[in-house]
Amino acid sequence: MTHELFIGQELDGGEDTLLTVDKARTVFACGKRGTGKSYSLGNIIEEVADNMPETVPLVVDPMGIYWTMNEQNDRQKELLWDWGMQPKGFDTTVLVPGDPTERYGRDVYDEMERRGLRIQSLQLNPSDISPDGWCELFDLNINKPMGIALYRAVRSLNEDMEFFDLADLIEEIEYDEKANERTIDALINRLEMAREWGIFSDSYTEIWDVLDPTRVNVLDVSVLDPGKYGLRNLVVYVLTKKIFDERSKARRREELALDSDVPKVWLFIDEAHNFAPSGSSSLAKETLIRWIKEGRQPGLSLAMATQQPSAVASDVLSQMDFILCHKITTRTDIQSLNELSQEYMGSQLKTYIKKIDKVGEAVCVDDEREVVEQVQMRPRKSQHGGGEA
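Throughout what follows, the structure given in this document is the object of discussion.

1. A short note on the overall build of the protein
Part 1 of the argument: Of regular secondary structure, the protein possesses 13 helices and 12 strands.
Part 2 of the argument: Its C-alpha radius of gyration of 22 Å places the protein within 12% of the 21 Å reference for a compact globule of 389 residues.
Part 3 of the argument: Taken along its principal axes, the extent of the C-alpha atoms in the protein is 75 × 50 × 50 Å.
Part 4 of the argument: In the protein, which comprises 389 residues, the share counted as buried stands at 54%.
Part 5 of the argument: Residue pairs in contact within the protein that sit at least 24 positions apart in sequence constitute 72% of those at least 6 positions apart.
Part 6 of the argument: For the protein, the accessible area works out to roughly 18200 Å², and carbon and sulfur atoms hold 42% of it.
Part 7 of the argument: Averaging the positions of the 45 positive and the 69 negative side-chain charges in the protein gives two centres separated by 4 Å.

2. Regarding the pattern of salt bridges
Part 1 of the argument: Inspection of every chain in the model, using the stated rule, returns 27 salt bridges.
Part 2 of the argument: Glu-111 is paired through a salt bridge with Arg-115; the nearest N and O atoms lie 3.0 Å apart.
Part 3 of the argument: Under the relative-accessibility criterion, Arg-115 is labelled partly exposed at 38%.
Part 4 of the argument: One salt bridge connects Arg-251 with Glu-255, and the closest N-O pair in it is separated by 3.7 Å. Of the two residues, Arg-251 and Glu-255 both sit in helix α9 (residues 231–255), four residues apart, roughly one turn of that helix.

3. Considering the packing of aromatic side chains
Part 1 of the argument: Evaluation of the coordinates by the stated rule reveals seven aromatic pairs.
Part 2 of the argument: With centroids separated by 5.9 Å and ring planes inclined at 85°, the aromatic side chains of Phe-163 and Tyr-204 adopt a geometry described as edge-to-face. Here the residue Phe-163 occupies a position in the loop between α6 (145–160) and α7 (166–174), and Tyr-204 occupies one in the loop between α8 (181–196) and β7 (216–220), the gap between them amounting to 41 residues.
Part 3 of the argument: Take Tyr-204: its relative accessible area is 36%, and that puts it in the partly exposed class.
Part 4 of the argument: The interplanar angle of 10° and the centroid separation of 5.7 Å between the aromatic rings of Trp-266 and Phe-268 together place this pair among those described as stacked.
Part 5 of the argument: One aromatic cluster is present, formed by Trp-134, Phe-138, Trp-197 and Phe-200 through successive ring pairs.
Part 6 of the argument: The ring of Tyr-39 has Arg-380 lying over it, and the distance from NZ or CZ to the ring centre is 5.6 Å.

4. Focus on empty space enclosed by the protein
It is the rolling of a water-molecule-sized probe over the atoms that shows where space remains empty.
Part 1 of the argument: This structure, assessed with the given rule, holds two cavities of 30 Å³ or more.
Part 2 of the argument: Approximately 90 Å³ is the volume found for the largest cavity.
Part 3 of the argument: In terms of lining, the largest cavity is formed by Leu-122, Gln-123, Leu-124, Asn-125, Asp-128, Thr-205, Glu-206, Ile-207, Val-210, Val-238, Leu-239 and Lys-242.
Part 4 of the argument: With three residues, α9 is the single largest residue contributor to the lining of the largest cavity.
Part 5 of the argument: Class assignment for the residues of the lining of the largest cavity results in six nonpolar, three polar and three charged.
Part 6 of the argument: Of the pockets and cavities examined, the second largest cavity occupies roughly 30 Å³.
Part 7 of the argument: For the second largest cavity, the full set of lining residues is Asp-61, Gly-64, Ile-65, Trp-67, Val-94, Tyr-104, Met-112, Val-218 and Asp-220.
Part 8 of the argument: Looking at the lining of the second largest cavity residue by residue, the class counts come to six nonpolar, one polar and two charged.

5. Comments concerning the pairing of strand β5 (residues 92–97)
Part 1 of the argument: In terms of burial, β5 is largely enclosed, as six of its six residues are buried.
Part 2 of the argument: Every second residue of β5 is oriented toward a common face, with Thr-92, Val-94 and Val-96 on one face and Thr-93, Leu-95 and Pro-97 on the other, all of them buried.
Part 3 of the argument: Alignment of β5 against β7, held across four bridges, turns out to be parallel. Its bridge partner lying in β7, Val-94 is registered against Val-218.
Part 4 of the argument: Sheet topology places β5 next to strand β6 (residues 118–122); five bridges connect them, and they run parallel. Pairing of Val-96 across the sheet is with Ser-121, part of β6.

Calculation notes
- Residues numbered from 1 in each chain as written.
- Predicted model: local features only at pLDDT ≥ 70, side-chain atom pairs only at ≥ 80, totals over all residues.
- Heavy atoms only, no water.
- Helix = DSSP H or I, 4+ residues; strand = E, 2+ residues; numbered from the N terminus.
- Rg over C-alpha atoms; globule rule 2.2 N^0.38 Å.
- Buried < 20%, exposed > 50% of the residue type's maximum accessible area, 1.4 Å probe, protein only.
- Contact = heavy atoms within 4.5 Å.
- Areas by Shrake-Rupley, 256 points an atom, 1.4 Å probe, with all protein chains shown as cover.
- Lys, Arg positive; Asp, Glu negative; His and termini not counted.
- Charge placed at Lys NZ, Arg CZ, Asp CG, Glu CD.
- Salt bridge = Lys/Arg side-chain N within 4 Å of Asp/Glu carboxyl O.
- Phe/Tyr/Trp six-rings, centres within 6.5 Å; stacked < 30°, edge-to-face > 60°.
- Lys NZ or Arg CZ within 6 Å of the ring centre and 35° of its normal.
- 1 Å grid on protein atoms, 1.4 Å probe; cavity = no way out; pocket = protein on both sides within 12 Å on 5 of 7 lines; lining within 4 Å.
- Points joined across faces, edges and corners; volume = space filled by probe spheres on them.
- Nonpolar A, V, L, I, M, F, W, Y, C, P; charged D, E, K, R; others polar.
- Pairing = 2+ DSSP bridges.

In structure tokens form, the structure reads like this:
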């Protein structure tokens, strides 16, 4: 039996545009601001939530707009009826790095709960970050004294303990006989600063105690500063690495007909250029590339959206097997997408992009079926939070 997600209709013949999901998929949605890329990403999230009960939707939300999926789309009720659809809200859990009441304020927190949202604090396990990850977090060269000392401390704790917290890491550095006093003081200052970020756990937190397989899980990284220390990337790196590792182990058990309670995950990332940038590194980039290239075997799907396709790493773009391109006008963005042209298209991708006329229209490229179509995206069942104030 073929499993399909309904995302829109072909403009020419009115045929349904379907995304087949018998195996893991990689989806890329793009378009300049206001043309519908985030709206389209929301469409796919809804379809996964409605039609893939064994898959957990996890949404990385840098703008704080996806919590509105909890509310039905009454604003477009008549349009939904025209499409044979009904407004619907989706049970949603908002994962907040740190203390939600501090991040949002008590009045916002209370109002979100009153509207039926489940608010869940997310705390990272320091032991889930690799020695390289710790050094990259603080922009330390692993061949210089501070980087060497931090790398050595994390590696030593990993060998001796299944879990360690920041206090353990600070103590390990304090008693490092190979590091000089200046290096130790500088590292401890950075780790004390990290403690103030409020995102690290003092006791081990299991990722599956946080993710709810029965709900849409929205990771609200908009509450974190996108600046110097890359905390948004840190959170995405830790979660995606942990999920990938555990799903890989679970898949091995499944192939041996052994029990496994680790569900498949479909990861959605808006503003993807911030997490997998072209021409530069980020904490999350290599893990996301691995998810894209190797995720099919453990059943891990990915959908990304951006208004700057040229700002996304080329080795990410080249692996996408389903593309939704809304209107774009920047020459560099058009060129980066045009490089994805395939022989089965009949002409270059930029030729189709130039035909896009209205908001909500998109060029759909499906490598699985080897087709390219001009598509009108279907209306959202749930409330879209990406409109302008």
